[in-house]
Amino acid sequence: MAERVSAGTELVRGESVSLRAGGEALLADIDITVAAGEIVTLIGPNGAGKSTLVKVLLGLLRPSSGHVVRRPGLRIGYLPQHFGLDPVLPLSVRRLLTLTRPAGLSAQDRVLDQLGVHHLAEAPLHALSGGERQRVLLARALLREPQLLVLDEPAQGVDFAGEAALYQLIAELRAAHGYGVLMVSHDLHLVMAATDRVVCLNRHLCCAGKPESVRRHPEYLALFEPTLAGTLAVYAHRHDHEHALSGEIVEPHPPASGKGAE
């Protein structure tokens with residue numbers, strides 16, 4: 001069993017991180033930390049540098065100035081924003097899980113069971129729904145027995161109810177295993193209920209903190225108020241029911257015993 005890092009232990013820290021490319025500032029003087037046991041979500045408009053910052057924190061890009069400190073020996077599970085797949089490629093779920101790193105059948109079964117997709121183990125990838133595909137990709141990240149999960153738009157291609165179920169699953173994984181989670185999301189209607197801290201970017205650090213404080217910050221409102229005033233609203237998802245992988249409600253929780261239960 002992999003070592004579990006104590007809650008609150010710092011896993012990764014970026015200090016005054018800046019990145020320039022072609023004379024353009026992609027990131028400017030950004031400070032960020034992620035600790036074990038917490039979910040930190042990056043939000044911001046398109047082109048704000050969210051995925052770029054993730055790549056810098058992972059060591060995939062070198063900052064122009066500032067520096068990144070990672071816990072020695074840190075194990076990272078990464079779910080990228082884009083996962084290109086040729087629909088004619090005969091790739092099964094099990095083959096994907098071991099494509100770049102060997103894993104025994106018992107380990108594969110464990111993560112597939114954990115994510116509720118064991119029945120898809122032999123299914124071809126191109127036949128999966130959006131929600132099924134994202135859970136399989138998350139299973140692949142979990143095979144590394146990570147201390148830090150980095151999820152770049154994990155609900156991409158998933159419908160609204162399926163998004164809520166996926167964010168709930170991420171929270172349950174954090175609670176069960178103590179993962180630190182760094183997540184990129186544009187889903188303002190869900191993210192405030194699915195995270196401990198929010199970091200709002202627009203190439204620079206606009207604001208950061210607990211969801212309720214960020215929601216009132218002038219820079220957040222300037223960026224997102226037109227959206228929030230439209231069809232979307234900050235959404236707190238209450239789980240008094242269960243979702244299928246498609247997002248459909250399939251089974252209510254039984255009432256609690258005691259007063260009020262029949």
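Everything numeric in this text was worked out from a predicted model, so none of it was measured.

Turning our eyes to something else, we now look at the sheet that holds strand β4 (residues 65-70). Judged by pairing direction, the sheet is antiparallel, and its 3 strands sit side by side in the order β2-β1-β4 without closing on themselves. At either end of the open sheet lies a strand with only one pairing partner, and these are β2 (24-35) and β4. Neighbour-to-neighbour, the strand axes of this sheet turn through a mean angle of 15°, independent of strand direction. Note that strand β1 (residues 10-21) and β4 share 5 bridges and pair antiparallel. In the sheet register, V12 faces β4, and the bridge partner there is R70.

Core analysis: the largest hydrophobic core is formed by 36 residues, its most contacted members being L115, L138, L149, L151, I170 and V181. Sequence-distant contacts of V181, that is, excluding residues within four places in its chain, are made with V34, E38, I39, V40, L148, L149, L151, I170 and R174. Counting residues in hydrophobic clusters, the runner-up holds 26 residues, among them A36, L42, L53 and V54.

Within the secondary structure layout, I30 lies in strand β2. The class of I30 is buried, set by a relative accessible area of 0%. Here the alpha-carbon distance between I30 and G14, two residues 16 residues apart in the chain, equals 7.1 Å. Residues within four places of I30 in sequence aside, it is in contact with G14, E15, S16, V17, L53, L201, R203, H204 and L205.

What the rule picks out here adds up to 8 salt bridges. The partner of R13 in a salt bridge is E10, and the shortest N-O contact between them spans 2.2 Å. With its nearest N and O atoms 2.5 Å apart, the salt bridge here joins R13 to E15. Under the relative-accessibility criterion, E15 is labelled partly exposed at 27%. One salt-bridge network, held together by shared partners, links E10, R13 and E15.

Assignment of secondary structure puts E15 in strand β1. Sequence separation between E15 and G66 is 51 residues, and the spatial gap between their C-alpha atoms is 5.6 Å. Not counting the four nearest positions on each side in its chain, E15 is found in contact with I30, D31, G66 and H67. Separated by 2.5 Å, the side chains of E15 and R13 make a polar contact.

Before going further, it helps to spend a moment on helix α1 (residues 50-58). The element α1 is largely enclosed, with a buried count of 7 among its 9 residues. Looking at α1, one finds that the buried residues are K50, S51, L53, V54, V56, L57 and L58. A positive phi of about 85° marks G59, the residue just after α1.

A separate point is helix α4 (residues 130-142). Compared with the 18 Å implied by 1.5 Å per residue over 13 residues, the 18 Å span of α4 between its first and last C-alpha is a close match. Among the 13 residues of α4, 11 are classified as buried, and the element is accordingly described as predominantly covered. Residues of α4 that are buried: G130, G131, E132, Q134, R135, V136, L137, L138, A139, A141 and L142. Elements in contact with the buried residues of α4: β5 (76-79), α2 (93-97), α3 (105-114), β6 (148-152) and α5 (160-177).

Here we come to unusual backbone geometry. Positive phi outside glycine occurs at S16, with the angle close to 50°. With respect to the helices and strands, S16 occurs in strand β1. When its relative accessible area of 32% is taken as the criterion, S16 is described as partly exposed. Positive phi values are uncommon outside glycine, yet E145 reaches one of about 50°. Its place among the elements puts E145 in the loop between α4 and β6.

The subject of this paragraph is the side chain of R94. Inspection of the secondary structure puts R94 in helix α2. For R94, a relative accessible area of 15% translates into the label buried. Within the local environment of R94, its side chain forms a polar contact with the side chain of D109, the two groups lying 2.8 Å apart. Of the polar contacts made by the side chain of R94, one reaches the side chain of E122; its length is 2.9 Å. When residues no more than four places from it in sequence are discounted, the contact partners of R94 are L105, Q108, D109, L112, H118, A121 and E122.

Under the defined criterion, the tally for this structure stands at 0 disulfides. The thiol sulfur of C200 is not disulfide-bonded, and the nearest other cysteine sulfur, from C207, lies at 4.3 Å. No disulfide involves C206; its nearest neighbouring cysteine sulfur is the one of C200, lying 4.4 Å away. Judged by its relative accessible area of 8%, C206 falls in the buried class.

Basis of the calculations
- Residues numbered from 1 in each chain as written.
- Predicted model: local features only at pLDDT ≥ 70, side-chain atom pairs only at ≥ 80, totals over all residues.
- Heavy atoms only, no water.
- Pairing = 2+ DSSP bridges.
- Helix = DSSP H or I, 4+ residues; strand = E, 2+ residues; numbered from the N terminus.
- Axes fitted to C-alpha atoms, helices over the stretch in contact; angles between N-to-C directions.
- Core = buried A, V, L, I, M, F, W, Y, C linked by side-chain atoms within 4.5 Å.
- Buried < 20%, exposed > 50% of the residue type's maximum accessible area, 1.4 Å probe, protein only.
- Contact = heavy atoms within 4.5 Å.
- Salt bridge = Lys/Arg side-chain N within 4 Å of Asp/Glu carboxyl O.
- Polar contact = N/O pair within 3.5 Å; in protein donor to acceptor, adjacent residues only side chain to side chain.
- Expected span 1.5 Å × (residues − 1).
- Disulfide = S-S within 2.5 Å.

Note that every value here comes from positions in space, so none of it alone points to a role or purpose.
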